[in-house]
Structure formats: C-alpha cells, structure tokens
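Analysis of the macromolecular model
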Amino acid sequence: MPSDTVAVMNSSEQWDRVCTKFLREFGQQAYTNWLKQVGYNGVKNNIVSLIAPTRFVRDWIKSHYAPRLKDYFIADNPSIQDLAIYLPDSSKNTDTAAQTAEVVMTPTIAVENKHEASFEGSPLDERYTFDSFVVGKSNELAYAAAKRITEANDVTFNPLFLHGGVGLGKTHLMHAIAWEVFKNQPNKKVVYVSAEKFMFEFIAALRFKDTHAFKQKFRNVDLLMIDDVQFIANKDSTQEEFFHTFNTLIDNRCQVIITADRSPTDLEGIQDRIISRLGWGLVADIHPTDYELRLGILQSKADAASHKKSIAHPGGASEKLIVPIEVLEFLAGKITSNVRELEGALNRVIAYATLVGRHITMEMTREVLQDLIRANNRQVTIDEIQRKVAEYYNIRLAEMLSDRRARSIVRPRQIAMFLSKEMTKNSLPEIGRRFGGRDHTTVMHGIRKVEELMLDDHQIEDDVTRLKRLFEA
Ligand code: ADP
Ligand code: MG
C-alpha cells in the first residue's frame, strides 16, 4: 500500500490503549498467544490495518476477536469504520510470507523439574494449593480424585475429567496437583497448560507438518493437565488429531487430567468415540457451592488476609485486620454465583478497609459492594413472600389467600401485598390476582395501610424490616 495514503496517527498510543482493553477483557494468556504477535500498521481510509505473522494467527483473530478489537478502535476514534488484518507483505507472495513468518510461541513459565525442557506450560499460581482449597460436599469427589493422583504411584484412572461451572475451583485443583507433585515427586515431569495454548502449539506443529515432534515432546511427560478443554470443542477440524495425541499419551501411561465447563457428554461438536474415550477414566463434577462451603472459603481467605494485612492508623500504629463474622455470613448469603466473585468481594472490602484505615463493618461492606449486591439480589417471587409471611405470623397460606377478614389474617396479608409490590416487578392487578383474585384497588388499599402503620407502629415497622432481611439472606 502506498505510504502517502496511510495515516499513522498516534499509532503506538492508540494501539497501546487497544491492547490494554484487550488484556483487560480476555486476559494475559489470550493476549500473549494472539494479540501480542500482531503489529499495528496505521489507518487508511478509516480502516485500521494490522499485520499478523501467520495466516493462522490472522484467521484466529478474525474469527475470535475482530469485532471486539473494532469496538475498541471505534471507542478510541469514532471515525474508524473497519479493521483489516494482513499478512506480512501479502501483496507479494502470501504463501511464502506465511510460511517463513516466525511463529512466536511466547513461552510462559515451564512447569517441570530441572530436567531438560520439553514443553512450555502455562504459569502456576502459588496461592492455588491443596492447603488453601476448602472442601465441602460440592467438591469433595473432585478433591479426593485430585489428591489421589498426587499420592498414587501408578495411573489409576486415566484421564481424570473434572468439570463444573466457572469459578468453582477447577484451575485451583490443577495447580494444587502440580505443586504437590513438584514437591513430593520431583522426578516426575508435570505439564500444566491451558487448552487454548495447547491447541495453538499443536496447530502450529500441524502447519509445519511437525506433529511428530510435537508428540515427541510429551514422551517423557508423566502428568499432563489441560485446562478448559471446552475451548477445543466444536472449533476446529484438527480436533481429531488432537485427540489422537491424547490417545497416544494415555497409551504411554501418561496421566492426563482434563477440565471443562461441562461433562464429556455435554461437550458439543466432538465425535462420540472421543467423548466416550474422555469418559473412560474418572469423571468428577464440581457442583455449585452451598452456603456452608462459601462461609468456609471466606473464613479461610479472611484468616490468610489477617495474617498478612493490618489496618494502619495515622501516627504509625497498626492493628490486625479482622473481618467480622457477620460480614462473612452476609457475603456467603449474598454472593452465590461463584467462588471467584465471592473472593473478589472480600478482597474489595479488605482493600477498602486497609486503604482508609478503618475497621471492617457491615455498613462499609454494604457501601463498598453496592453494585455486586444488587447484581446478586435474587428475584423474590410472590409465592415466596406469601409463604414466608404466613410462616412468620404463624397463619396458614390458605388463610392468607382466603376471604377471611380477621385482623390476625388481614395484617399479614396486607404486609405480604406490600412486600410483593416492593420486592417484585409485578403490577397491582397481578398481585391482586395472586392474592386469591382480589381487585387492584384492594391491593393498593392494603399497601397504603401498611405504609401508614409503619409510621407509628414500631412493631409493624420491625416486622417488615425483619421480613425483608429474610429475603436478602
Ligand atoms: P475455575 O477454574 O473452575 O473457573 P478457579 O480454580 O479459577 O475456577 O477458582 C476461582 C477462584 O476461586 C480462585 O481464586 C480459587 O482459589 C477460588 N476457589 C474456588 N474454589 C475454592 C475452594 N474450594 N477453596 C478455596 N478457594 C476456592
Ligand atoms: Mg479455570
């Protein structure tokens, strides 16, 4: 392209900002594997031009990240209309360019012992150990299986397939296995790798017709862990080759551990025989956490933090950081989505407290976590409100919905209507319908009555507050 039509505008700055956004959204691994290899080549006719080192990298970025990249560029410069990714010197000879372009396989930390390097793994997080993993009903099978692998001298189940939703500890367990083997059986060669990286290197080998060498790399590996294998499913025709390698490894008695966000049978776009092979060993699922486990995890993280952090007071004095149990209970009740989010919430509160130099309190927690709490607020239903209120006032549900006018029934009924209006998105007519087919004016009257009563009857006010709290937990 003629250089006079290329406006290289603030190139490095704009590109830096785009890269930062990419990193934030997709993480270090994706950045290292893909975007880091791409060069920025300015803007021509409002079209951003990027250069990818290989056809594969180009196609991958096109199919996975291009729309987001475009968004980033437009956010930075609204006149941008599109994004084009070229190969080096594509005007001359595409194929040679693609073939001779250096494939940068940017190795991260190799997770193996001091023997000769064979395959570069992904980095391990040193906080992810068995010691820091809290065991509960939902993860005990996965934990036991993971432990077993680090203790056994022979391959007992192969592969171990761990699956469960996001943020439930799959990666944590894998890292824990790596650390444990590393510590206790230093002669064993362990490789931990994300599926994305594994596939990238594998496909690079395919491209260079070097799959033999790729498989060789695993010759002396005793334990191979591939994280988030759903990434490979349904994505590429090389999947089959990939699983051939997998078979070879298993035949070589290399212990393989695989994680995915779903069970083998739920993985889409993978042939039946491969799926059945994946399920040959042990399939262990991690269920969503229950309240007790969440509390246990929070307690252990809070303990760890209080050993490391303190509250600094002006004047130099400092005090141990303590997270009150009611705050932990509150978080365990509120943030039910996944452990990662739970941890994030605790960390935010701790960071805030250490920053402003104040003790952690409920008020502070509510304030700091406003947005999270709102996002995690369960949708309360009218049924639930009716049931809880009836229970609270010790009346029967049927009575609440009946025509009975006794004060002991009318009040709870009105309070339940009031809460239904406050805590659900239902309209007055809908609420009326659900309360034994009452008219919306009756509902409105009931709500007004409760509002009035709350102003000068402390008992009612108290009841309403308590009931609301029941739904918040
Ligand atoms: P996944 O790989 O399943 O998406 P991770 O292993 O990355 O989830 O876990 C997310 C976060 O939650 C990590 O910081 C991890 O340490 C923490 N975590 C998950 N489960 C537990 C547990 N049982 N005990 C302690 N920490 C946990
Ligand atoms: Mg993970």
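Residues numbered from 1 in each chain as written. Chains lettered and ligands numbered in written order. Predicted model: local features only at pLDDT ≥ 70, side-chain atom pairs only at ≥ 80, totals over all residues. Heavy atoms only, no water.

1. Some words on the site of ligand 1
Definition in use: Throughout, the term near means that a residue has one or more heavy atoms lying within 4 Å of the molecule or strand in question. Throughout this description, a polar contact denotes any pair of N or O atoms lying within 3.5 Å of each other; where both atoms belong to protein, one of them has to be capable of donating a hydrogen while the other can accept it, and for residues adjacent in sequence the pair is counted only when both atoms sit in side chains. Here, Shrake-Rupley sampling with a 1.4 Å probe gives the accessible areas, and only protein chains in the shown set may cover a residue. Lining residues are defined by having an atom within 4 Å of a point belonging to a cavity or pocket. Those points lie on a 1 Å grid over the protein atoms alone, cavities being sets where a 1.4 Å probe fits but cannot get out and pockets being open sets with protein on both sides within 12 Å along at least five of seven lines. If over half the atoms of a molecule are within 2 Å of the grid points of a cavity or pocket, the molecule is regarded as sitting in it. Helix and strand definitions follow DSSP, with helices as H or I runs of at least four residues and strands as E runs of at least two, each counted in order from the N terminus. All amino acids are sorted into three groups, where Ala, Val, Leu, Ile, Met, Phe, Trp, Tyr, Cys and Pro are nonpolar, Asp, Glu, Lys and Arg are charged, and the leftover types, Gly among them, are polar.
Around ligand 1, the surrounding shell holds 18 residues, and the nearest of these are Gly167, Thr171, His172, Arg340 and Glu343. Taking Leu168, its main chain carries an N or O atom lying 3.2 Å from an oxygen atom of ligand 1. In isolation ligand 1 offers 560 Å² of accessible surface; the protein chains occlude 96% of this area. Among the cavities detected, the one that contains ligand 1 is the largest pocket. Elements that contribute at least two residues to the shell around ligand 1 include exactly α6 (170-184), α11 (291-308) and α13 (339-356). The class makeup of the residues in the shell around ligand 1 is seven nonpolar, seven polar and four charged.

2. Here we look at the pattern of salt bridges
Stated precisely, the cut-off is as follows: Each salt bridge in this description consists of a side-chain nitrogen of Lys or Arg and a carboxyl oxygen of Asp or Glu lying within 4 Å of one another. Burial classification: accessible surface area is computed with a 1.4 Å probe over protein chains only, and a residue below 20% of its type maximum counts as buried, one above 50% as exposed, and the rest as partly exposed.
Applying the stated criterion to the full structure yields 18 salt bridges. A salt bridge links Lys183 to Glu180; the shortest N-O distance between them is 3.8 Å. Of the two residues, Lys183 and Glu180 are both situated in helix α6; the distance of three residues between them amounts to about one turn of the helix. The exposed category is assigned to Lys183, whose relative accessible area is 59%. Note that Arg434 is salt-bridged to Glu430, the shortest N-O span being 3.5 Å. One end of the pair, Arg434, and the other, Glu430, are both in helix α19 (residues 428-434), four residues apart, so they sit about a helical turn from each other.

3. Thoughts on the environment of Val368
The following threshold applies: Residue contacts follow a heavy-atom distance rule, with two residues in contact if any of their heavy atoms lie within 4.5 Å.
Within the secondary structure, Val368 is located in helix α14 (residues 362-368). Considered as a pair, Val368 and Arg348 are 20 residues apart in the sequence and their alpha carbons are 7.3 Å apart. Excluding residues that lie within four positions of it along the chain, Val368 makes contacts with Arg348, Val349 and Tyr352.

4. Details of the nonpolar core
We apply this condition: In plain words, nonpolar cores are sets of buried Ala, Val, Leu, Ile, Met, Phe, Trp, Tyr and Cys residues tied together by side-chain atoms within 4.5 Å.
If you look at the biggest cluster of nonpolar residues, it comprises 58 residues, and the most contacted ones within it are Trp15, Leu50, Leu69, Phe73, Leu224 and Val229. With seven residues, the top contributor of residues to this core is helix α7 (residues 195-207). Residues contacting Leu69, with those up to four places away along its chain left out, are Val18, Phe22, Leu35, Ile61 and Leu83. Counting residues in hydrophobic clusters, the runner-up holds 29 residues, among them Phe157, Ile177, Ile286 and Ile297.

5. Some remarks on the packing of α11 against helix α12 (residues 325-334)
To keep it simple, the criterion reads: To obtain each axis, a line is fitted to C-alpha atoms, and for helices this fit is confined to the stretch in contact; angles are then taken between N-to-C directions over 0 to 180 degrees. Our angle categories are set so that under 35 degrees counts as roughly parallel, over 145 as roughly antiparallel, 65 to 115 as roughly perpendicular, and the remainder as oblique. The crossing is said to be left-handed when, going from far helix to near helix, the turn is anticlockwise and less than a right angle, and right-handed when the turn is clockwise.
Running from amino to carboxyl end, α11 crosses α12 at an angle of 135°, the nearest separation of the two axes being 9 Å. On the basis of their axis angle, the class for α11 and α12 is oblique. For α11 against α12, the interelement crossing comes out right-handed. Facing Tyr291, Arg294, Leu295, Leu298, Gln299 and Ala302 of α11, the residues of α12 in contact are Ile325, Leu328, Glu329, Leu331, Ala332 and Gly333. Among the residues making up the contact of α11 with α12, the classes are represented as eight nonpolar, two polar and two charged.

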